Amino acid sequence: MSSTELPGVQAVAAAADPKVAAVRVADGEKLRSVSLPGLTLTVRSRPPARTGLPPALYVHGLGGSSQNWSGLMPLLEDVVDGEALDLPGFGDSPPPDDGNYSVTGHARAVIRHLDASARGPVHLIGNSLGGAVSTRVAAVRPDLVRSLTLVSPALPELRVQRSAVPTALLALPGVAGLFRRLSKDWTAEQRTRGVMALCYGDPTRVSDEALHNAVEEMERRVQLPYFWDAMARSARGIVDAYTLGGQHGLWRQAERVLAPTLLVYGGRDQLVSYRMARRAAAAFRDSRLLTLPDAGHVAMMEYPETVAQAVRELLDDCGRS
């Protein structure tokens, strides 16, 4: 898709394409579509164990979707009323009308959803790109965030890991199109195993069912006409956020976050360096750190029980304060 094409038109075309399969919904989950000014978001939810629980919102990373939280959400449904959204252009959400995939653009989408739903303040939980987005939301709209949990947040690094370079290269003009042509003969399973090798500390921990579901979702997404555009522009948004200084820099905004913050880092993370954990713990004023030596980039999918327990402890402390 060229920069002159209207993303909204592409989204409508994709929705009408019978070759694009429906999004998977796990047992107990519900999907709904939320129309907001300039964008439409798909929101995944699970009924809470009881009424009156505090709200939570889960925000996925680059190339992910709300399905990334399907393992963690049921483990917390007795303590929060949880929702997970598909960021614009990902999962089942069509691209934003303005084509803005920057970290600020994604943060604006989260803020608009929270304002429209009147669910704030929420326990905000983000991974990777979603971690950067959640940091920005917590910094600029502290009234919307009760606590913050960041799993391998995409915060600027001076020395990027070599294994993260190919993802960063997607931000360069033309690279996404080149990679699309070079990988046109790859099967959905090959693509999925490649992603898992990059994101998981130990890909052998992935069950056959989880692999099947991931391959199914990959088959669906690569058929969307805006798939590569959303990936490339969001990758560019991360790179731009890494180079942004002053009060809008992500590390400066991390220092402004007032909400109690849980930071989760994996020792085998190939995308966000494990060495950034202590810097992050020092930047967020009210922080606690969970390090998982064997986890990769998606600890909430690799070790959901451990992450859930850490979130519970954070929420318990929030309730007592």
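Figured I'd write up the structure that's included with this text. (Residues numbered from 1 in each chain as written. Predicted model: local features only at pLDDT ≥ 70, side-chain atom pairs only at ≥ 80, totals over all residues. Heavy atoms only, no water.)

### Considering the packing of helix 2 (residues 103-117) against helix 3 (residues 129-140)
- It is the contact of helix 2 with helix 3, at a shortest axis distance of 9 Å, that shows an interaxial angle of 65°. Here helix 2 runs over helix 3; the crossing is right-handed. Of the residues in helix 3, those in contact with V103, T104, H106, A107, V110 and I111 of helix 2 are L129, A132, V133, R136, V137 and V140.
- Here the contact of helix 2 with helix 3 is built from residues that sort into nine nonpolar, two polar and one charged. (Axes fitted to C-alpha atoms, helices over the stretch in contact; angles between N-to-C directions. Helix = DSSP H or I, 4+ residues; strand = E, 2+ residues; numbered from the N terminus. Left-handed = near helix turned anticlockwise from the far one by under 90°. Contact = heavy atoms within 4.5 Å. Nonpolar A, V, L, I, M, F, W, Y, C, P; charged D, E, K, R; others polar.)

### Observations regarding the sheet that holds strand 1 (residues 30-36)
- A sheet is described by the order of its strands in space; here eight strands give the open sequence 1-2-4-3-5-6-7-8, paired in mixed fashion. Each of the sheet's edge strands pairs with one partner strand only, and the pair in question is strand 1 and strand 8 (287-292). Direction aside, the axes of adjacent strands within the sheet are offset by 20° on average.
- Pairing between strand 6 (residues 145-151) and strand 7 (residues 261-266): four bridges, direction parallel. From the neighbouring strand, T149 faces strand 7, where its bridge partner is L262.
- Against the sheet, helix 3 makes contact with strand 3 (55-59), strand 5 (122-127) and strand 6, and its axis sits at roughly 145° relative to strand 5, the strand it touches most.
- Its contacts with the sheet put helix 12 (residues 304-320) on strand 5, strand 6, strand 7 and strand 8, and the angle it makes with strand 8 is roughly 170°. (Pairing = 2+ DSSP bridges.)

### Here's the deal with the pairing of strand 2 (residues 39-45)
- The buried fraction of strand 2 amounts to six of the seven residues, a majority that puts the element mostly inside the structure.
- Sheet topology places strand 1 next to strand 2; seven bridges connect them, and they run antiparallel. When the bridges of strand 2 are listed, K30 appears paired with S45.
- Counting the residues that bridge the hairpin from strand 1 to strand 2 gives two residues, and of these G38 lies at a positive phi of roughly 85°.
- Taken together, the four bridges between strand 2 and strand 4 (residues 81-86) define a ladder with antiparallel strand orientation. Residue pairing across strands places V43 opposite L85, the latter belonging to strand 4. (Buried < 20%, exposed > 50% of the residue type's maximum accessible area, 1.4 Å probe, protein only.)

### Some remarks on empty space enclosed by the protein
- Applying the stated criterion across every chain yields a total of one cavity of 30 Å³ or more.
- Volume-wise, the largest cavity comes out at about 30 Å³.
- Lining the largest cavity are R46, Y58, M73, E77, V80 and G82.
- By residue class, the composition of the lining of the largest cavity is three nonpolar, one polar and two charged. (1 Å grid on protein atoms, 1.4 Å probe; cavity = no way out; pocket = protein on both sides within 12 Å on 5 of 7 lines; lining within 4 Å. Points joined across faces, edges and corners; volume = space filled by probe spheres on them.)

### Observations concerning helix 7 (residues 208-221)
- If you check helix 7, its first and last C-alpha atoms are 20 Å apart, about what 14 residues at 1.5 Å a residue would give, namely 20 Å.
- Listed as buried for helix 7 are L211, N213, V215, E217, M218, R220 and R221.
- Contacts from the buried residues of helix 7 go to helix 6 (188-199) and helix 8 (227-243). (Expected span 1.5 Å × (residues − 1).)

### Quick look at the pairing of strand 8
- With six bridges connecting them, strand 7 and strand 8 associate as parallel partners. If you follow T261 over to strand 8, its bridge partner there is S287.
- Handedness of the β-α-β unit built from strand 7, helix 10 (residues 277-283) and strand 8 comes out right-handed. (Right-handed = clockwise from strand over helix to strand, strands pointing away.)

### A look at helix 12
- Its 17 residues give helix 12 an end-to-end C-alpha distance of 24 Å, which sits within 8% of 24 Å, the value for a rise of 1.5 Å per residue.
- Buried within helix 12 are the following residues: P304, V307, A308, A310, V311, L314, L315 and C318. Projected down its long axis, helix 12 shows its buried positions confined to an angular sector of 160°, all on one face. Turned more than 90 degrees from where helix 12 packs its buried face, E305 and R320 sit exposed. (Arc of directions from axis to C-beta.)

### Here's the deal with the side chain of E302
- Following the sequence through the fold, E302 ends up in helix 11 (residues 299-302).
- Despite its burial, E302 pairs with no opposite charge; the closest candidate is R205, at 5.8 Å N-O.
- Polar side-chain contacts of E302 include one of 2.9 Å to the backbone nitrogen of G296.
- Apart from residues lying up to four places away in sequence, E302 is in contact with C199, Y200, G201, D202, R205, D294, A295, G296 and H297. (Lys, Arg positive; Asp, Glu negative; His and termini not counted. Salt bridge = Lys/Arg side-chain N within 4 Å of Asp/Glu carboxyl O. Polar contact = N/O pair within 3.5 Å; in protein donor to acceptor, adjacent residues only side chain to side chain.)

### Looking at the packing of aromatic side chains
- One pass over the structure, following the stated rule, counts two aromatic pairs.
- Centroid distance Y58 to W69: 5.3 Å. Interplanar angle 45°. Geometry classified as tilted. Residue Y58 is found in strand 3, and its partner W69 is found in the loop between strand 3 and strand 4; the two are separated by eleven residues along the sequence. With respect to burial, Y58 and W69 carry one shared label: buried.
- Ring plane angle 80° and centroid distance 5.1 Å describe the contact between F227 and W228, whose orientation is recorded as edge-to-face.
- Residue F227 is classed as buried on the basis of its relative accessible area, which comes to 8%.
- Judged by relative accessible area, W228 falls into the buried class, the value being 12%. (Phe/Tyr/Trp six-rings, centres within 6.5 Å; stacked < 30°, edge-to-face > 60°.)

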